[in-house]
Amino acid sequence: MRFILILAASILMGPLTVAAQPNNTPPQPRTVPGIPLQDLQSDDSLLERLDRVWEGVKGLFSVTSTINATSQMRGGRQEDNDFRWLMNIAGYKLKEIESTVGLIPGLGLNFAVARELTEADRDFVERELDRHSRLNPGPIGAIQRSIVYGVLEASDMGKYGIEKVEIDLLPLPKVKILMAPVDAPLSLEASRVLRAIERLNSSINTLMPRQRGTQLPLWIPEDAFVPISVPDARRL
Amino acid sequence: MKSTTKRGRPMSTESLSRGRVFLALCSAFAMLVCAAQPAATAPRTERDALWILASGSTAHAARELIEGFSATHQVPARPRLDILLTPQAFEAFCSGIGGATPDILITSRRVTPATRDYCRSQGVTEIVEVRIGIGSLVLATKNGDPLNALSSEDVWRAIGAEVVRGEEFVLNRARTWREVSPGLPDSEIRLVTDVAGGSSRSYFEDLVLQAGCRHNPAIMLIFEAGYRRSKCVTMRPDGRIIERRMHDIPGEILRAPPGTIGTVTLAQVRASGGTLAALKLDDVVPSNATIVSLDYLPTFNVILYAKRQHSRASNGVGVVRGIREFSTFAASEQVSGPDGRLSTNAGLVALSPDERVRQRRTVANQSIMSR
């Protein structure tokens, strides 16, 4: 008990005695440290390792914006470790990131079609994938390339078009490509819009014959009429 | 000695004659088989000469291959070569199987899945794909011209019929390169390029102009591929684009005023004896090393497609001899290697050593294209 009291007093008094030292005292020699430095924390625990794996997976698929100083644009070309960029040149834009917090966390990326590819675009993608395979020969790079190749192949099926590409990273990696027939029936809303456009077209077509044979513009801008002052009008 | 049966009964004259007839028949059949054996090893062919198709950009390489192949192989007839536009060449190649259809296609475009489906529908199911070299398109000026580097985007903004101002497309009225980018010289914009429909013209459109506009935000918003392509590759109509045949372009560049760029091959620049200078494009100097590493963008693979079905006989009849030998010759080191015939005579850059080995393996195994 006595020992504990002495220990507690020394712990409490230690900092106070240090703080109470006047500033003009000569500096203590460095061989006698005041407060011992703490030991380095272990970075090899299971949680730390899991955290590193998780960050690695996130980074490899560029869920977060990981474009660093070395991945600057070079002639419109980013560094090739950016999966989003590969999908972008393949005509797909990242639309949503789905993350689920729970007992089994989930993370997924949803890409949507941004544009059709020309023949030259397709060649460019294939060439960039070749380059990617040289720069990223590992398994993750191979997975990325196989996803992009798969999307390219699927988008070339004549009667079907890709609507969405869903990439789940957690809990289990999965790629889901949603395809729909090109001539699929329209939704109610879309067909209403289409009918409205058709009505507008037909009304314009019925108006147009009246304008034929005349050289007048359909619409005269307001600034075409310059106000004339009274003296000018008299001169005219 | 009298002939007896197994059970010891004497054989009759009739059974003896039957046995002789049977033996005679057997020997006759054996002779027939032996006589037919040479015919099985050398089946008939529908044609003597190979039939090769090439697109405009690969015609020179195809001629080199045919010349070398004819000189080094005992061919019954010199291979026939037809030069077609790439889509027509693919269509002809995939039109079917048999002596009335071509055997080999040498092109600079990879077969698309749609073309592959068309081939399959026509019965062309076994195609061997072999890459034999890399071609390149180079922008060149007269040696000593202050214009020595451009980006693809600069080229598009100088040559395109329309440019993006804000969010809309307006007519391109830039007169000098400096109006395109402040760091460029104050010389008039001029381009000498291949005639419309020419092979290097399509490369210039696809590999330079489309590359220049591909990352433009206004262009990226256009969904439809055809419309987007037209915005990228339509060139200005105000006389700044001079169209010449491919082999006349170097001479036209030398005669033109400063600021004139031309679309040529790396081989043409090397053959100019230092009068032409290759422009740095997107900060990359065109060279064998940058072309092989894919750092230099305007390059294309030269690919040989061969119908494996034509190189095999069915019921003693085949289409033509020599497809396999021609492919092997094209992929050999003395033809497609760094100092090979295609590099020295046709201006192609050799593939990387690993890739050349892979292509030779494909030919040796006659592996069918799997894509």
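Sequence order as written defines the numbering, with residues in each chain counted from 1. Chain letters and ligand numbers both follow the written order, the letters beginning at A and the numbers at 1. pLDDT decides what is reported in this predicted model: residues at 70 or higher carry local features, side-chain atom pairs at 80 or more are listed and counted, and totals for whole chains, interfaces and linings draw on all residues regardless.

This paragraph deals with the overall build of chain B. The helix and strand inventory of chain B stands at 16 helices and 16 strands. The proportion of buried residues among the 371 residues of chain B is 40%. In this description, a residue-residue contact is defined by the distance between C-beta atoms placed from the backbone, which must lie within 7 Å. Residue pairs at least 24 apart in sequence account for 73% of intrachain contacts in chain B once pairs closer than 6 positions are excluded. In this text, helices come from DSSP runs of H or I with a minimum length of four residues, and strands from runs of E with a minimum of two, each type numbered from the N-terminal end. Once C-beta atoms are placed from the backbone, each residue is buried if 20 or more other C-beta atoms lie within 10 Å of its own, exposed if 12 or fewer, and partly exposed for counts between those two.

On to the sheet that holds strand β3 (residues 160-170) of chain A. Residues and elements named next belong to chain A. Strand order in the open sheet formed by 4 strands is β1-β2-β3-β4, with antiparallel pairing between adjacent strands. Looking at which strands have only one partner, the edges of the open sheet turn out to be β1 (92-100) and β4 (174-181). In this sheet, adjacent strand axes meet at a mean angle of 20 degrees when their direction is disregarded. Relative to strand β2 (residues 106-113), β1 is paired through 8 bridges, and the arrangement is antiparallel. Note on β2: the bridge partner recorded for glutamate 98 is glycine 108. Strand contacts of helix α5 (residues 139-155): β1, β3 and β4, with the helix running at about 160 degrees to β3, the strand carrying the most contacts. Between any two strands, pairing holds if DSSP finds at least two bridges. Working convention: axes come from line fits to C-alpha atoms, limited for helices to the stretch in contact. Angles between N-to-C directions cover 0 to 180 degrees.

The next thing to look at is the confidence of the model for chain A. All names here are of chain A. Values of pLDDT, which run from 0 to 100, indicate the predictor's confidence residue by residue. Residues of chain A with pLDDT of at least 70 account for 55%, and the chain-wide mean is 69. Considering only residues more than four positions removed or in separate chains, one finds that residues 5-22, a stretch of pLDDT under 50, has 1 contact. For residues 63-77, every residue scores under 50 in pLDDT, and the model assigns this stretch 19 contacts once sequence neighbours within four places are set aside.

Moving on: the confidence of the model for chain B. Residues and elements named next belong to chain B. Chain-level pLDDT for chain B is 87 on average; 88% of the residues reach the 70-or-more range. This stretch, residues 1-10, has a pLDDT under 50; its non-local contacts, to residues over four places away or in other chains, come to 8 contacts. Overall fold confidence (pTM) sits at 0.68, and the ipTM for the predicted complex is 0.74.

All names here are of chain B. The end-to-end C-alpha separation of helix α7 (residues 199-213) is 21 Å, in line with the 21 Å expected for 15 residues at 1.5 Å each. We define the bend at any residue as the angle between the axes fitted to the seven residues before and including it, ending there, and the seven starting there. The principal kink in α7, of about 25 degrees, is found at glutamate 205. Among the 15 residues of α7, 15 are classified as buried, and the element is accordingly described as predominantly covered. Here a helix's expected span is defined as the number of its residues, less one, multiplied by 1.5 Å.

Further remarks concern the sheet that holds strand β12 (residues 260-264) of chain B. Residues and elements named next belong to chain B. What the 5 strands build is an open sheet, ordered β11-β10-β12-β6-β13; its pairing is mixed. The sheet terminates laterally at β11 (241-244) and β13 (276-278), the two strands that pair on one side only. Going across the sheet, the axis of each strand differs from the next one's by a mean of 30 degrees, ignoring polarity. Direction of pairing for strand β10 (residues 190-194) relative to β12: parallel, over a ladder of 3 bridges. Within β12, the residue paired with valine 192 across the bridge is glycine 262. Those strands touched by α7 are β10 and β12, and its axis lies near 125 degrees from that of β10.

Looking now at the nonpolar core. Residues and elements named next belong to chain B. Joined through C-beta atoms within 7 Å, a set of buried Ala, Val, Leu, Ile, Met, Phe, Trp, Tyr and Cys residues constitutes a nonpolar core. In terms of nonpolar packing, the biggest core is built from 102 residues, with Ile52, Ile104, Ile106, Ala140, Leu209 and Leu304 touching the most fellow members. Delimitation of the domains relies on an automatic or database domain assignment. Looking at which domains feed residues into this core, each of domain 1 (44-135 + 300-365) and domain 2 (138-297) gives three or more. When sequence neighbours within four positions are dropped, the list of residues in contact with isoleucine 52 reads Ala62, Ile66, Pro79, Arg80, Leu81, Pro102, Asp103, Ile104 and Ile106.

All names here are of chain B. Relative orientation of the contacting elements helix α5 (residues 152-159) and α7 amounts to 95 degrees, with a least axis distance of 7 Å. In terms of axis orientation, α5 runs roughly perpendicular to α7. Across from Ser152, Glu153, Val155, Trp156 and Ile159 in α5, the residues of α7 making contact are Val208, Leu209, Ala211, Gly212 and Cys213. Classification convention: Asp, Glu, Lys, Arg as charged; Ala, Val, Leu, Ile, Met, Phe, Trp, Tyr, Cys, Pro as nonpolar; all other residues, Gly among them, as polar. Looking at the contact of α5 with α7 residue by residue, the classes come out as 7 nonpolar, 2 polar and 1 charged. By the definition adopted for this analysis, an angle is roughly parallel if under 35 degrees, roughly antiparallel if over 145, roughly perpendicular if from 65 to 115, and oblique otherwise.

Attention shifts here to helix α4 (residues 119-135) of chain A. Under the 1.5 Å per step criterion, the end-to-end length of α4 of chain A is 24 Å for 17 residues, consistent within 8% with the ideal 24 Å. Looking only at α4 of chain A, the buried set comprises Ala120, Asp121, Arg122, Asp123, Phe124, Val125, Glu128, Leu129 and His132 of chain A. Turning to α4 of chain A, the residues buried within the fold contact α3 (83-89) and α5 of chain A together with α7 of chain B.

Right, let's talk about the packing of helix α2 (residues 59-72) of chain B against helix α13 (residues 323-331) of chain B for a bit. All names here are of chain B. α13 packs onto α2 with a crossing angle of 115 degrees between their chain directions and a minimal axis gap of 10 Å. What the angle tells us is that α2 and α13 run roughly perpendicular. When you trace α2 past α13, the crossing you get is right-handed. From α2, Leu65, Gly68, Phe69 and Thr72 reach across to α13, where they touch Phe326, Phe329 and Ala330. Class assignment of the residues belonging to the contact of α2 with α13 gives a composition of 5 nonpolar, 2 polar and no charged. For any pair of crossing helices, the crossing counts as left-handed if the nearer helix is rotated counterclockwise from the farther one by less than a right angle, and right-handed if it is rotated clockwise.

What follows is about the interface of chain B and chain A. Facing 21 residues of chain B, the contacting portion of chain A comprises 14 residues. Contributions of two or more residues to the side of chain B that touches chain A are made by α4 (113-121), α5, α7 and α9 (225-233) of chain B.

Further remarks concern the pairing of β2 of chain A. Side chains on a regular strand alternate between the two faces of the sheet. Residue and element names in this part refer to chain A. Counting the residues that bridge the hairpin from β1 to β2 gives 5 residues. Sheet topology note: the β2/β3 ladder contains 6 bridges and is antiparallel. Bridge assignment links leucine 107 to a residue of β3, and that residue is leucine 170.

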